[in-house]
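As a plain string of letters, each chain reads:
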Amino acid sequence: MAAPMTELLCYRGITASPTLSKTLSLLSFPFQIPKSLSSPIPRAPPLSLHTCLPSLPRFLSRLSTKDFNISITDDQEEDGEEEEEEEVGELVDESDGGDDLLTVDADDLEEDARYVVQEFSSTLSSQLRIEDEKDDQEKVSRKQRRQKSTVKSIPDHLLPRVAIVGRPNVGKSALFNRLVSGNNAIVVDEPGVTRDRLYGRSFWGDHEFMVVDTGGVLTVSKCQASVMEELAISTTIGMDGIPLASREAAVARMPSMIEKQATAAVEESSVIIFLVDGKAGLTAADEEISDWLRKNYSDKYIILAVNKCESPRKGIMQASEFWSLGFSPLPISAISGTGTGELLDLVCSGLKNIEDPEDFAEQEDYVPAIAIVGRPNVGKSSILNALVGEDRTIVSPVSGTTRDAIDIEFIGPDGQKFQLIDTAGIRRRAVVASSGSMTEALSVNRAFRAIRRSDVVALVIEALACITEQDCKIAERIEREGKGCLIVVNKWDTIPNKNQQTATYYEQDVREKLRVLGWAPIVYSTAIAGQSVDKIIIAASTVEKERSRRLSTSVVNQVVQEALAFKSPPRTRGGKRGRIYYCTQAAIRPPTFVFFVNDAKLFPETYRRYMEKQLRSDAGFLGTPIRLLWSNRRKTEKEEGRAATRTQANLVPRDRKLELAT
């Protein structure tokens, strides 16, 4: 095997020493000598081994294991670039240094770009996976498929409402999840978890309606201490910095605020599901709620549902105890689904059919969702109430007032529809774990889910607190999820001695601390007074338009060409330099660009940030992250054939080339 190696060295005029010859004899390469080398090879002008030893390792590294792919020419570039770059070099215009982009195989590259985006999306989803129940996802998908085929699309505000009321811990949220075929409400075996009104679409047969989950209705006969104990309202967790008098007043108002939300749900509903606990039996609270419903809402259709009746035989006996309430009891089980079909039949019998549902068909299926996130007590619920113009959620100094993710349909000033999502305050993971509250852990999980299913995220910070470590963690999550974002500085009225330069200095501080969201616009508001709240929707609408914008391939390549002309990719120590052959925008929401290059490893992180900065400065994309994916361009069969032809041509000696040419 040493003979071919020695013959090749002799071709270049290299005289191998005995030690080198012995070393070459030990090498074992599974290749065959091309036919062009089988004939006598004329010797080139003699060269000394001392001169050629520095380039010998690089020469040996070019030996291919298949076709003996060697490229040795006298006019090789002195910058040390590899032959691999020269093989694909015909895609690049060499007249001006080889940095200009040319359009080559656009259709194939566009298809490759879509494949690269799919690979990146699947990888990112696995990294950011949130623990969801597969059964719930399957139920939602089945429901959506059935709904598309059987039910007309009607806006939420035109659908009839069905309210679920009852005392705490009777299973209202579990029944709500069963009826809407999802996992929207938090279900924990402790009272007082649900506080705000929670809406969800449901259908049965040809009827579609909105189900409203409410908090537990309490009786006025109970003392304040027992109410606080039953609702598990804490006076210490998350209440630091709040005066004791304000703390006690806020806690005292909490039961009445929960009942106010339940009362509002009952008043706007045409059917009321009065839910009781079949295992616990009849209680005084159930009797008082039934009296309250008969006296004030006798004009509405009321259904008495006895929950937690898993066994049909025992359920009849459990339900018989509730005949004294004046309604016909129906045994059901929200967990197993027993009796829910009969319950939905009764619900639909009390609903009125909507006339001409074709007139209500929505023109656009896509409705952007805006999630309002942030730390506890920064004013998220106040912002939502100020936007919709009503007390849709409870606003209280009590930390963790909002627990579920509250979805509300909202129409902006320009007539565009949005889905507003109010979320629970996100505290540090260690703090949530140390508190030992399963409810808070689920609330934080729902907040992260809201970020994932949203299009634009409004990150709310408190003006006096400015940027905290937890805000940075939330910002990193938003950027990794690829969501549009705007920073809302709430409680701006609490900043003392404001002048014209205050906002400028404040923005500089925010940009310095939240570098990961350096592209996000900043809005200053005072939600409790309703000041500048409309600017939030205007900014969110602008961000959504930027997030959905698509650039043509010619514009993208022009921007990249200008960036390359201003600053070329750096060279490595071995003399290699990255080359960009083609660039295209492969996706929107967020805008995703795929760069086809010779080797992605040759583009350091600093140069990738430079390219992102150039795209933003030339093309915009305010308020949205942009993805830059770098992919090694795959060679086509035609290019591989041309490369093989050049390889064979390089193997023919120069003298023989001249003979063939003549």
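Residues numbered from 1 in each chain as written. Predicted model: local features only at pLDDT ≥ 70, side-chain atom pairs only at ≥ 80, totals over all residues. Heavy atoms only, no water.

As recorded in an unreviewed UniProt entry, the protein goes by the name GTPase Der, listed as coming from Prunus armeniaca. Heading Sequence similarities (unreviewed entry) of the UniProt record for the protein holds this comment: "Belongs to the TRAFAC class TrmE-Era-EngA-EngB-Septin-like GTPase superfamily. EngA (Der) GTPase family." (UniProt positions renumbered as here; feature names shortened; annotations may be inferred.)

Draft legend 1. Expanded view of the overall build of the protein. Assigned secondary structure in the protein consists of 23 helices and 15 strands. Long-range contacts, defined here as pairs at least 24 residues apart, represent 74% of the contacts in the protein between residues at least 6 apart. Total accessible area computed for the protein in this model is approximately 33,300 Å², and 51% of it derives from carbon and sulfur atoms. (Helix = DSSP H or I, 4+ residues; strand = E, 2+ residues; numbered from the N terminus. Contact = heavy atoms within 4.5 Å. Areas by Shrake-Rupley, 256 points an atom, 1.4 Å probe, with all protein chains shown as cover.)

Draft legend 2. Geometry of the pairing of strand S13 (residues 580-587). Within S13, eight of the eight residues are buried, which leaves it mostly tucked inside the rest of the structure. Linking S13 back to strand S14 (residues 592-597) in an antiparallel pair, the connection comprises four residues, with Arg589 at a positive phi of about 55°. (Buried < 20%, exposed > 50% of the residue type's maximum accessible area, 1.4 Å probe, protein only. Pairing = 2+ DSSP bridges.)

Draft legend 3. Structural view of the pattern of salt bridges. Enumeration over the complete set of coordinates arrives at 21 salt bridges. Note that Lys491 and Glu462 form a salt bridge whose closest N and O atoms lie 3.8 Å from each other. Linking Lys491 in the loop between strand S11 (484-490) and helix H18 (502-513) with Glu462 in strand S10 (residues 456-462), this pair joins segments that are 29 residues apart in sequence. As a salt-bridge pair, Glu512 and Arg515 come within 2.5 Å of each other at their nearest N and O atoms. The partly exposed category is assigned to Glu512, whose relative accessible area is 47%. Given the relative accessible area of 62%, Arg515 is considered exposed. A cluster of three or more residues bridged by salt bridges with shared partners is formed by Arg452, Arg477 and Glu481. (Salt bridge = Lys/Arg side-chain N within 4 Å of Asp/Glu carboxyl O.)

Draft legend 4. Representation of unusual backbone geometry within the structure. Residue Pro590 follows Arg589 across a cis peptide bond; omega there is 0°. Within the secondary structure, Pro590 is located in the loop between S13 and S14. Phi is positive for Cys466, close to 55°, though the residue is something other than glycine. Relative to the elements of secondary structure, Cys466 occurs in the loop between S10 and helix H17 (469-481). Take Cys466: its relative accessible area is 8%, and that puts it in the buried class. Its identity is not glycine, yet Asn497 carries a phi of approximately 55°, on the positive side.

Draft legend 5. Broad picture of the nonpolar core. Among the nonpolar cores identified, the biggest contains 48 residues, and Leu175, Ile273, Leu343, Val347 and Leu486 are the most heavily contacted of them. Looking at which domains feed residues into this core, each of domain 1 (156-219 + 256-355) and domain 2 (369-395 + 404-432 + 441-548) supplies at least three. Ranked by size, the runner-up nonpolar core spans 33 residues in total, among them Ala371, Val373, Val444 and Leu459. (Core = buried A, V, L, I, M, F, W, Y, C linked by side-chain atoms within 4.5 Å. Domains from an automatic or database assignment.)

Draft legend 6. Local environment of the packing of aromatic side chains. With the rule as written, the count across this model stands at 10 aromatic pairs. Here Tyr506 and Tyr524 contribute two aromatic rings whose centre-to-centre distance is 6.2 Å and whose plane-to-plane angle is 75°, an arrangement assigned as edge-to-face. Here Tyr524 lies in strand S12 (residues 522-524) and Tyr506 lies in helix H18, a separation of 18 residues in the sequence. For Tyr524, a relative accessible area of 18% corresponds to the buried category. Between Tyr607 and Tyr610, the ring centres sit 5.4 Å apart and the planes meet at 50°, which makes this aromatic pair tilted. Taken as a pair, Tyr607 and Tyr610 lie in helix H21 (residues 605-619) at a separation of three residues, close to a single helical turn. Grouping residues by exposure puts Tyr607 and Tyr610 together as buried. Through a chain of ring-to-ring contacts, the aromatic side chains of Phe595, Phe603, Tyr607, Tyr610 and Trp630 assemble into a single cluster. (Phe/Tyr/Trp six-rings, centres within 6.5 Å; stacked < 30°, edge-to-face > 60°.)

Draft legend 7. Here's a closer look at the sheet that holds strand S4 (residues 271-277). Here we have six strands laid out as an open sheet, ordered S2-S3-S1-S4-S5-S6, and mixed in their pairing. Strands with a single pairing partner mark the edges of an open sheet, and in this sheet they are strand S2 (198-204) and strand S6 (329-331). Across this sheet, the average inter-strand angle for adjacent strands is 30°, counted without regard to direction. (Axes fitted to C-alpha atoms, helices over the stretch in contact; angles between N-to-C directions.)

Draft legend 8. Summary view of the environment of Val180. By the secondary structure assignment, Val180 is in helix H8 (residues 172-180). Residue Val180 is classed as buried on the basis of its relative accessible area of 5%. Between the C-alpha atom of Val180 and that of Gly200, which follows or precedes it by 20 residues, the distance is 5.9 Å.

Draft legend 9. View of the sheet that holds S13. Spatially, S13-S14-S15 is the arrangement adopted by the three strands of the open sheet, whose pairing is mixed. Across the chains shown, the open sheet's two edge strands, defined by having one partner strand only, are S13 and strand S15 (627-632). On average, each strand axis in the sheet is inclined to that of its neighbour by 25°, with strand direction left out of account. Examined bridge by bridge, S14 and S15 share six bridges and lie parallel to one another. Bridge pairing in S15 places Phe596 opposite Ser631. With respect to the sheet, helix H6 (residues 106-127) is in contact with S13, S14 and S15, its orientation differing from that of S13 by roughly 60°.

Draft legend 10. Representation of the environment of Ser349. Take Ser349: it is sitting in helix H13 (residues 340-349). Distance from Ser349 to His207, taken between C-alpha atoms, is 9.6 Å for residues 142 residues apart in sequence.

Draft legend 11. Expanded view of the side chain of Arg616. Its place among the elements puts Arg616 in helix H21. Discounting residues that sit within four places of it in the chain, Arg616 has contacts with Trp519, Phe621, Thr624, Pro625 and Ile626.

Draft legend 12. Representation of the confidence of the model for the protein in the model. Here the protein averages 75 in pLDDT, and 65% of its residues register 70 or above. Segment residues 7-14: pLDDT under 50, and 27 contacts once partners within four positions in sequence are set aside and those in other chains are kept. Confidence drops under a pLDDT of 50 for residues 131-140, and excluding neighbours within four residues, the segment shows 11 contacts in the predicted structure. (pLDDT = per-residue confidence, 0-100.)

Draft legend 13. Spatial organisation of the side chain of Asp422. Structurally, Asp422 is set in strand S9 (residues 417-422). It turns out Asp422 is buried and unbridged, and the closest side chain with the opposite charge, Lys380, is 5.9 Å from it. Looking at Asp422, its side chain comes within polar contact range of the side chain of Ser381, at 2.8 Å. (Lys, Arg positive; Asp, Glu negative; His and termini not counted. Polar contact = N/O pair within 3.5 Å; in protein donor to acceptor, adjacent residues only side chain to side chain.)

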